[in-house]
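Observations on chain architecture
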Amino acid sequence: MLSPYLQQGRIEAGCDEAGRGCLAGPVCAAAVILPPDFSNELINDSKQLSEHRRNELRAVIEAEALSWAVAMVSPHEIDEINILNASILAMHRALDALSIHPQAILVDGNRFKPYHDIPYTTIVKGDGKMMSIAAASILAKTHRDEFMAKIHRDFPLYGWDRNKGYPTAEHYAAIEAHGVTPHHRRSFTLFKPLSLF
C-alpha cells in the first residue's frame, strides 16, 4: 500500500496532473486531502489502473477525502504560457478550490512553483509512492477523460473518446484529413512527423 503521508500530523494536499502530452484538450490537475486514517490498497498511479477501476476509485476518493478539487487550463492558455507552466497553473487552481487550507503540498514530478507560503515537496513518480498524489492522479485522469468524451460529441472525427487527445496514429490521421479544432494545442506538433510514417 502507498504511504499515507510524508510527515505525520500535518494536513497534506497531494497534487497531480493529466493530459500533459496530449495534442488536444486541456491539462487537468487535482488536489486531494485525505483523512489521516484513510487507507485503500487499490489506490495507485492512475496509469497502472484500468478505466473501470479508476472510475470506481474516483467515487471512493470524492466521498471520503476531507477536501478535493479539480481544475483545468485550456489549450489556448497552454499555447500562451507553455505546457509546464500550464500544468503548474492547473495545480495551483486546484489548490485554490480546496475547502481546507493545507499545511504542505506533495507534488508528482520534479517541477513546481511556490504556492503562497505553503511548503511543498516534489516527488518523482510520487503517484506510485504517496496515497494523496495517487488519489489526485486518479481524479485528474477521470475528470479529464470525462471532458474529452464530452467534446468528442461535437468533434467525433478525432476519436477523442478513445485516444483522449493523445498523439495516436488515428489522431494524427484525423488532423491531416480534417484540420485542427479549437480544442487543439497549436503550440504542439499537430502533424505527424515524416519519420513516423
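This write-up is about the structure you can find in this document. These figures come from a predicted structure and were not determined experimentally. (Residues numbered from 1 in each chain as written. Predicted model: local features only at pLDDT ≥ 70, side-chain atom pairs only at ≥ 80, totals over all residues. Heavy atoms only, no water.)

Further remarks concern helix α6 (residues 169-178). Along α6, the residues that are buried comprise His-171, Tyr-172, Ala-174 and Ile-175. Angularly, the buried residues of α6 cover 160° about the axis, an arc narrow enough to put them on a single face. Among the residues trailing α6, Gly-179 stands out with phi positive, at a value near 85°. (Buried < 20%, exposed > 50% of the residue type's maximum accessible area, 1.4 Å probe, protein only. Helix = DSSP H or I, 4+ residues; strand = E, 2+ residues; numbered from the N terminus. Arc of directions from axis to C-beta.)

Right, let's get into the sheet that holds strand β1 (residues 12-18). The 5 strands are arranged β3-β2-β1-β4-β5 in an open sheet whose pairing can be described as mixed. The open sheet has two edge strands, β3 (67-73) and β5 (120-123), and neither has a second partner. Pairs of neighbouring strands in the sheet enclose a mean axial angle of 20°, with direction left out of account. As defined by bridge partners, strand β4 (residues 104-108) adjoins β5 across 4 bridges and the pair is classed as parallel. Residue pairing in the sheet places Leu-106 in a bridge with Thr-121 of β5. Each of β1, β2 (27-33), β3 and β4 touches helix α3 (residues 83-96); the most contacted strand, β2, lies at about 35° to it. Lying on the sheet, helix α4 (residues 131-152) is in contact with β1, β2, β3, β4 and β5; it crosses β1 at an angle near 40°. (Pairing = 2+ DSSP bridges. Axes fitted to C-alpha atoms, helices over the stretch in contact; angles between N-to-C directions. Contact = heavy atoms within 4.5 Å.)

Interpretation note: all reported values are geometric properties and have no functional meaning in isolation.
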